[in-house]
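# A look at the structure
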Amino acid sequence: MPVDRHPMWESLGMDLETHDVLCSVLPTAFSDTFLSQENRPEGMAFWDMVVADVHGIRPQELIDEQAKGRKVFGTFCTYVPDEVVIACDGIVTGLCGGSQFWVPDGEKYLPADMCPLIKASLGARFGKTCPFFRIVDQIVGETTCDGKKKMYEILATDVDMHIMQLPQMKRPKDYVAFADEIADFAKNVEEVTGVELTPERLAEAIKVINNRRKALARVYETRKNPDIIPISGTDALLMMQIAFFDDPVRCAQMANNLADELEQRLVDGVSVFPKGTKRILLTGTPLAIPNWKLHHIIETSGAAIVCEENCTGTKFFTNLVDETKETLPEMFQALSDRYMQINCACFTPNKARIDEVLALAKEYHVDGVINTNLKFCTTFKTEAPALEKVLEEAGIPVLDIETDYTDNDAEQLRTRIEAFVEMLG
Ligand code: BJ8
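Residues numbered from 1 in each chain as written. Predicted model: local features only at pLDDT ≥ 70, side-chain atom pairs only at ≥ 80, totals over all residues. Heavy atoms only, no water.

In this section: the state of the cysteines. With the rule as written, the count across this model stands at zero disulfides. Here cysteine 346 is not disulfide-linked; the sulfur of cysteine 344 is the nearest cysteine sulfur, at 3.4 Å. (Disulfide = S-S within 2.5 Å.)

Below is the structure:
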């Protein structure tokens, strides 16, 4: 018997009627996208359970922890170091909106020609239709793209915000500056949580988040096998999307269990796609939950996604934080050194992303790359021609796609993707 979450949502001041509409469409979207797949790993049962009650199970856990005095921090970006929050006994939850459902409420405050991720995120808060946005004690923003920066100003009229100043270049002095910014962030987290940050606490938190990275990387490692595809890209994406919300220790444990199963699948020769299925690397803007659109279209058009080079993919777990540092300043620098290696299009220059895509295309034995861009994300869009040029020179076919959260272009996308897959031979 499913638990009735309405009393909890009501206590959060949510718009119950509108939220019920969202709750009524999600199960169909989930079942069409996920349950229609064959031969899914058994380990996916955990993520299926979480997503089946995505606005219930985890929000209730967060509320229970708040009742014990813990604080919840909402974030929008993979540059925000979870370690600092965890070290002060805080909890981190991702907030990026991935549904068209929230966009109209966002457009009441933002220009229509803004990226849907930004509009959906603001809409989720101001429309009172997302429990995570209602629960958070503080939202942590960052100076990445212009749209997000301006959205944070509007959010700040409604909720406590802390903004991290992220450098936009990667010179040695920028690495130092970001370490300094992390130190300021730590002071803020100490104030909000009332917990003093000690080197011992931060060292432990660094290990926790590194363990999560290692576990997620293990799952991805199995996707590099050139002959067997042990998990669909759609399922791998779901694991990644929920990693932003889940407790990091449980996330690592579940991902390790899944990796065990996938490694066994490689031994047993169990593949979720027939031999010869074209292997795709997806790169570009992140895919916030429940944005499953492209994965579903690609994987029902004769291809399999074997790697996501984006923030809901490799960028989230690649590179570990050095665990050997002993003082807080050294640890802040170690955190900066790891986080500054993320190659977001907000940086200039950002050639390292292109090098990374090329390297991953080889590691994952891909037949083609799909470069996807959320409409009106100018930074990622501007990088597309340079990326295409490098891939084409390396003999790797590329398809460039721009889309939003609506289904209006689904058929057109399917036609283009099917033609691309056919072209791969
Ligand atoms: S590190 S990709 S999570 S900023 S898609 S909101 S960039 S207009 S999400 Fe991102 Fe951090 Fe970069 Fe990753 Fe702006 Fe583009 Fe929208 Fe974007």
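Taken together, the neighbourhood of the ligand is formed by 15 residues, with Cys77, Cys145, Cys311, Cys344 and Cys377 sitting nearest. Grouping the constituent residues of the shell around the ligand by class yields eleven nonpolar, three polar and one charged. (Near = heavy atom within 4 Å. Nonpolar A, V, L, I, M, F, W, Y, C, P; charged D, E, K, R; others polar.)

Moving on to the nonpolar core. Ranked by size, the top nonpolar core spans 103 residues in total, and within it Leu155 and Leu238 carry the most contacts. For leucine 238, the contacting residues outside a window of four places in its chain are Phe30, Phe34, Met44, Trp47, Asp48, Val51, Ile289 and Trp292. (Core = buried A, V, L, I, M, F, W, Y, C linked by side-chain atoms within 4.5 Å. Buried < 20%, exposed > 50% of the residue type's maximum accessible area, 1.4 Å probe, protein only. Contact = heavy atoms within 4.5 Å.)

Time to look at the environment of leucine 374. Structurally, the position occupied by leucine 374 is in strand 7 (residues 368–374). Along the sequence, leucine 374 and threonine 129 sit 245 residues apart, while their C-alpha atoms lie 22 Å from each other. When sequence neighbours within four positions are dropped, the list of residues in contact with leucine 374 reads Cys115, Pro116, Leu117, Thr285, Pro286, Glu402, Thr403, Asp404 and Tyr405. (Helix = DSSP H or I, 4+ residues; strand = E, 2+ residues; numbered from the N terminus.)

Attention now goes to the packing of helix 11 (residues 199–222) against helix 13 (residues 248–268). For the pair helix 11 and helix 13, the least separation of the axes is 8 Å and the interaxial angle reads 25 degrees. Of the possible angle classes, the one that applies to helix 11 and helix 13 is roughly parallel. Crossing of helix 11 against helix 13: the hand is left-handed. Contacts between helix 11 and helix 13 involve Val208, Ile209, Asn211, Arg212, Ala215, Leu216, Arg218, Val219 and Thr222 on the former and, on the latter, Pro248, Val249, Cys251, Ala252, Ala255, Asn256, Leu258, Ala259, Asp260, Leu262, Glu263 and Leu266. Here the contact of helix 11 with helix 13 is built from residues that sort into 14 nonpolar, three polar and four charged. (Axes fitted to C-alpha atoms, helices over the stretch in contact; angles between N-to-C directions. Parallel < 35°, antiparallel > 145°, perpendicular 65-115°, else oblique. Left-handed = near helix turned anticlockwise from the far one by under 90°.)

Let's shift gears to the sheet that holds strand 3 (residues 138–142). One open sheet accounts for four strands, arranged 2-1-3-4; its pairing is parallel. Only two strands of the sheet have a single partner each, and these edge strands are strand 2 (91–94) and strand 4 (161–164). Across the sheet, the mean angle from the axis of one strand to that of its neighbour is 30 degrees, orientation sign disregarded. Strand direction decides the pairing type here: strand 3 and strand 4, joined by four bridges, are parallel. Bridged to glycine 141 within strand 4 is isoleucine 163. Sheet strands touched by helix 4 (residues 57–67): strand 1 (72–75) and strand 2. Its angle to strand 2, the strand with the most contacts, is close to 150 degrees. (Pairing = 2+ DSSP bridges.)

Glancing now at the side chain of threonine 406. Mapping threonine 406 onto the fold places it in the loop between strand 8 (398–403) and helix 19 (410–423). In terms of polar contacts, threonine 406 uses its side chain to reach the side chain of aspartate 404, at 2.8 Å. If we skip the residues at most four places from it in the chain, threonine 406 touches Gln100 and Lys293. (Polar contact = N/O pair within 3.5 Å; in protein donor to acceptor, adjacent residues only side chain to side chain.)

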